[in-house]
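A closer look at the structure
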There are 2 protein chains.
Amino acid sequence: MLFNQQLKERQQMVNVRLSELLDSANIPNVIYEPMKYSVDAGGKRIRPILTLSITEALGGDLKDALDFGCAIEFIHTYSLIHDDLPAMDNDDFRRGKLTNHKVYGEAIAILAGDALLNFAFEVLSQKLEENNNPLYVKAVKEIVKASGSRGMVAGQAIDIKSENKQLKLEELYNMHRLKTGAIIEAACVAAAYISNREESVEIIRDFSRHLGIAFQIVDDILDFIGDEKKLGKTVGKDKEANKATYVTILGIDEAKKRAQEHSKISIKIANDIDKSGFLSKLTEYLLFRDN
Amino acid sequence: MLFNQQLKERQQMVNVRLSELLDSANIPNVIYEPMKYSVDAGGKRIRPILTLSITEALGGDLKDALDFGCAIEFIHTYSLIHDDLPAMDNDDFRRGKLTNHKVYGEAIAILAGDALLNFAFEVLSQKLEENNNPLYVKAVKEIVKASGSRGMVAGQAIDIKSENKQLKLEELYNMHRLKTGAIIEAACVAAAYISNREESVEIIRDFSRHLGIAFQIVDDILDFIGDEKKLGKTVGKDKEANKATYVTILGIDEAKKRAQEHSKISIKIANDIDKSGFLSKLTEYLLFRDN
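Residues numbered from 1 in each chain as written. Chains lettered and ligands numbered in written order. Predicted model: local features only at pLDDT ≥ 70, side-chain atom pairs only at ≥ 80, totals over all residues. Heavy atoms only, no water.

**Things to note about the overall build of chain A**
- Within chain A, the secondary structure is distributed over 15 helices and two strands.
- Taking 291 residues into account, the globule formula puts the C-alpha radius of gyration at 19 Å, and chain A, at 18 Å, falls close to it.
- With the C-alpha coordinates of chain A rotated into their principal frame, the extents come out at 50 × 45 × 35 Å.
- In chain A, of all internal contacts separated by at least 6 residues, the share reaching a separation of at least 24 is 72%.
- When the accessible surface of chain A is summed, it comes to about 11,700 Å², and 48% of that surface belongs to carbon and sulfur atoms. (Helix = DSSP H or I, 4+ residues; strand = E, 2+ residues; numbered from the N terminus. Rg over C-alpha atoms; globule rule 2.2 N^0.38 Å. Contact = heavy atoms within 4.5 Å. Areas by Shrake-Rupley, 256 points an atom, 1.4 Å probe, with all protein chains shown as cover.)

**With respect to the nonpolar core**
- Grouped together as the largest cluster of nonpolar side chains are 198 residues, with contacts concentrated most on A:Ile31, A:Phe74, A:Phe207, B:Ile31, B:Phe74 and B:Phe207.
- What B:Phe74 contacts, discounting residues up to four positions off in sequence, is B:Leu18, B:Leu21, B:Leu22, B:Val39, B:Leu116, B:Phe119, B:Ala120 and B:Val123. (Core = buried A, V, L, I, M, F, W, Y, C linked by side-chain atoms within 4.5 Å. Buried < 20%, exposed > 50% of the residue type's maximum accessible area, 1.4 Å probe, protein only.)

**What about helix α2 (residues 29-40) of chain A?**
- Helix length check: α2(A), at twelve residues, gives a terminal C-alpha distance of 15 Å against a target of 16 Å (1.5 Å per residue), a fit within 8%.
- Within the sequence span of α2(A), burial applies to A:Ile31, A:Tyr32, A:Pro34, A:Met35, A:Lys36, A:Tyr37, A:Ser38 and A:Val39.
- The inward-facing, buried residues of α2(A) contact α1 (3-23), α4 (62-84), β2 (97-98), α5 (100-104) and α6 (106-130) of chain A together with α8 (152-161) of chain B.
- Looking one or two places after α2(A), you find A:Gly42, whose phi comes out positive at around 90°. (Expected span 1.5 Å × (residues − 1).)

**A closer look at the packing of helix α3 (residues 46-58) of chain B against helix α9 (residues 169-194) of chain B**
All names here are of chain B.
- For the pair α3 and α9, the least separation of the axes is 8 Å and the interaxial angle reads 30°. When the interaxial angle is binned, α3 and α9 end up roughly parallel. The handedness of the crossing between α3 and α9 is right-handed. Contact residues: α3 offers Arg 47, Leu 50, Thr 51, Ile 54, Thr 55 and Leu 58, while α9 offers Ile 183, Ile 184, Ala 187, Cys 188, Ala 191, Ala 192 and Ile 194. (Axes fitted to C-alpha atoms, helices over the stretch in contact; angles between N-to-C directions. Parallel < 35°, antiparallel > 145°, perpendicular 65-115°, else oblique. Left-handed = near helix turned anticlockwise from the far one by under 90°.)

**Notes on the relation of the copies chain A and chain B**
- At an RMSD of 0.0 Å, chain A and chain B line up after a rotation of 180° and a shift of 0.0 Å along the axis. The superposition operator between the copies reduces to a two-fold rotation axis.
- The overlap is high: 100% of the interface residues of chain A also sit at the interface in chain B, so the same surface is used on both sides. (Least-squares fit on C-alpha atoms with pLDDT ≥ 70 in both.)

**Topic: the pattern of salt bridges**
- All told, the structure shown has 47 salt bridges over all chains when counted by the stated rule.
- Between A:Lys127 and A:Asp64 there is a salt bridge, with its nearest N and O atoms 3.0 Å apart. Separated by 63 residues along the polypeptide, A:Lys127 in helix α6 and A:Asp64 in helix α4 bring together distant segments of the chain.
- The class for A:Lys127 is buried, based on a relative accessible area of 1%.
- Salt-bridge contacts for B:Lys127 lead to B:Asp67; the nearest nitrogen and oxygen are separated by 2.9 Å. A residue pair is termed long-range when its members are at least 10 positions apart, and B:Lys127 in helix α6 (residues 106-130) and B:Asp67 in helix α4 (residues 62-84) qualify at 60 residues. (Salt bridge = Lys/Arg side-chain N within 4 Å of Asp/Glu carboxyl O.)

**Describing the environment of B:Arg45**
Residues and elements named next belong to chain B.
- With respect to the element layout, Arg 45 can be found in the loop between α2 (29-40) and α3.
- Each C-alpha atom of the pair Arg 45 and Met 175 lies 22 Å from the other, and the pair is 130 residues apart in sequence.
- Apart from residues no more than four positions distant in its own chain, Arg 45 is found in contact with Val 14, Asn 15, Leu 18, Val 39, Asp 40 and Glu 73.

**Details of helix α10 (residues 201-225) of chain B**
- The end-to-end C-alpha distance of α10(B) is 36 Å, a good match for the 36 Å that 25 residues give at a rise of 1.5 Å each.
- In terms of residue burial, α10(B) counts as a mostly covered element, since 18 of its 25 residues are buried.

**Regarding unusual backbone geometry**
All names here are of chain B.
- Not every positive phi belongs to a glycine, and Arg 95 is a case in point at roughly 50°.
- Relative to the assigned elements, Arg 95 resides in the loop between β1 (93-94) and β2 (97-98).
- You will see that Asn 196, though not glycine, has its phi angle at about 55°, which is positive.
- What makes Asn 196 partly exposed here is its relative accessible area of 45%.

**Describing the interface of chain A and chain B**
- The interface is formed by 46 residues belonging to chain A together with 46 residues belonging to chain B.
- Both sides of the chain A and chain B interface together cover about 4,000 Å² of buried area, and 68% of this is carbon and sulfur.
- Of all residues in chain A, A:Leu111, A:Ser149 and A:Arg150 bury the most surface against chain B, accounting for 14% of the area lost on that side.
- On the surface where chain A and chain B come into contact, there are four salt bridges. (Buried area = accessible area lost by both parts, 1.4 Å probe.)

**What to know about the packing of α4(B) against α6(B)**
Residue and element names in this part refer to chain B.
- Following both chains from N to C, one finds α4 and α6 inclined at 165°, their axes separated by 8 Å at the closest point. Taken together, the axes of α4 and α6 are roughly antiparallel relative to one another. Seen along the crossing, α4 lies across α6 with a hand that is left-handed. Here α4 contributes Lys 63, Asp 64, Asp 67, Phe 68, Ala 71, Phe 74, Ile 75, Thr 77, Tyr 78, Ile 81 and His 82 to the contact with α6, which in turn contributes Ala 109, Ile 110, Ala 112, Gly 113, Asp 114, Leu 116, Leu 117, Phe 119, Ala 120, Val 123, Leu 124 and Lys 127.

**Overview of the environment of B:Thr99**
Residue and element names in this part refer to chain B.
- Within the secondary structure, Thr 99 sits in the loop between β2 and α5 (100-104).
- The class for Thr 99 is buried, based on a relative accessible area of 1%.
- Sequence separation between Thr 99 and Ser 263 is 164 residues; the distance between their C-alpha atoms is 31 Å.
- When residues no more than four places from it in sequence are discounted, the contact partners of Thr 99 are Tyr 37, Asp 84, Asp 91, Asp 92, Phe 93 and Arg 94.

**A short note on the packing of aromatic side chains**
Residues and elements named next belong to chain A.
- Here the structure, examined in full by the defined rule, presents eleven aromatic pairs over all chains.
- Ring geometry for Phe 68 and Tyr 136: centres 5.5 Å apart, planes at 80°, overall edge-to-face. With Phe 68 in helix α4 and Tyr 136 in helix α7 (residues 134-147), the pair connects residues that are 68 residues apart, well separated along the chain. For the pair formed by Phe 68 and Tyr 136, the shared burial category is buried.
- Aromatic side chains Phe 74 and Phe 119 sit 5.2 Å apart centroid to centroid with 75° between the ring planes, which places their arrangement in the edge-to-face category. A residue pair is termed long-range when its members are at least 10 positions apart, and Phe 74 in helix α4 and Phe 119 in helix α6 qualify at 45 residues.
- Each member of the aromatic cluster is reached from another via a ring pair, and the members are Phe 3, Phe 278 and Tyr 285.
- A cation sits over an aromatic face here: Arg 10 above Phe 278, 4.1 Å from the ring centre. (Phe/Tyr/Trp six-rings, centres within 6.5 Å; stacked < 30°, edge-to-face > 60°. Lys NZ or Arg CZ within 6 Å of the ring centre and 35° of its normal.)

**Some thoughts on the environment of B:Ile27**
- Topologically, B:Ile27 is positioned in the loop between α1 (3-23) and α2.
- Overall, B:Ile27 belongs to the buried group, its relative accessible area being 10%.
- A sequence separation of 144 residues divides B:Ile27 from B:Glu171, and the C-alpha atoms of the two residues are 41 Å apart.
- Residue contacts for B:Ile27: discarding those within four places in its chain leaves A:Ser149, A:Arg150, B:Leu22, B:Tyr32, B:Met35 and B:Phe119.

Shown next, in the form of structure tokens:
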């Protein structure tokens, strides 16, 4: 099967399960609607597809991997809603659609974000009830650590405090490791635990860290040179906000070079882990994208 | 020992543990500080003290109960930070101190709330790692369901959508059951699971529901007749926002009567559950308070 077709099938699988989980939870409409709006706004579903694909490569339970991946996607979606708020990045559009607060107002958008973060934990605790497996608890711990004050939220706070500051490379690196890297890492490492392959945790952590760094550098490059229409969001916002990026610190050529170096390492590990080739193609797809 | 002294000791126990949990987690300062600020802003620590006291009455592990209670207090604290935001209730003061966003700005306040919600789940998943007990998973599920889109967050969303609307009694009741009742219920019911006393879940649920309703009616009465200084927050805000309350719907006398009826039932159950008498005194204290 062609990679693009496989990818599409997995995205479809994730989309169906995200809807099933949300729709079956009996959530009052006043908060269900804004939650659903942002979940349906789409995106590439990279995080759950990483969880799924690594679990498949390691021979774990795909049904469980899908639910763990969906929980991570709910966390990712909540973070986008809060990031877009007027008090934060103040974005009117996300993936070509109006942002949550532009449709539902700020108060409901804040609550929809809260609800999605919480819902992720509802999904995860459901998995723990179904499977009395200590490694599943470790997978949950990995995810909650990555999304909170020692992970994504810390990264967002550092990001906000860094506007109009001349960050050093290590500071920028640390900020992104927390803001976007930690949850990508958790999506990958959780797969090792779900697959009862604790011995594979460190190699997969390594894979995910190089992937995360490369992914962020590519993001900065795309923001610098990208095409507004293709990305479906306002580009050049980094420059506008006078934010340090890999491009402003390293220059465009050096940024491209480093993205390639990290990409190479993660693709090499992907090939070792997944003999089917899907994971390395996915990695290539993420790192040589134009949106 | 006098009740007041016992209560103070338990509040102290909760405060010490809240600090231990936060301080030992290695949270970057940029987000640790605003989290700590609101956790330290105090309050009566009702929810963790309920978890503790019921666990003690049922003979469960008090150390574990304390951590579950602290997780619930972190959830409660996050909800106050987000509730106080300009887009929500727009409060400048809480418990006599400036609200989180007045000190740290809106963006960091949103993130501090997110971080506290997340941190609660970090504490809970740590307990699950330490204790491979299916009833502990049930306690966690009870808490996450109560705090999210089928509990507190739904209640807050309904509350926001109800401003300037003439709510009926059942609608008001439903809103409060979700907004404040669910998490009080979870604080109590979790204690039954932690104590390995699944057979006690329903009687404790009953206790907590009557307590929750009475507590909310008393809150509305206090807001109506209360003294601004004693409460440490702006009173009469309900009237100002043209919000339906038990007092505006029932009138002050009927509201007082109903508070007493629900109080009586919960105090009776408290006496049955807890022979030491602490739980019934705590219930009386909560329902015959002036702040």
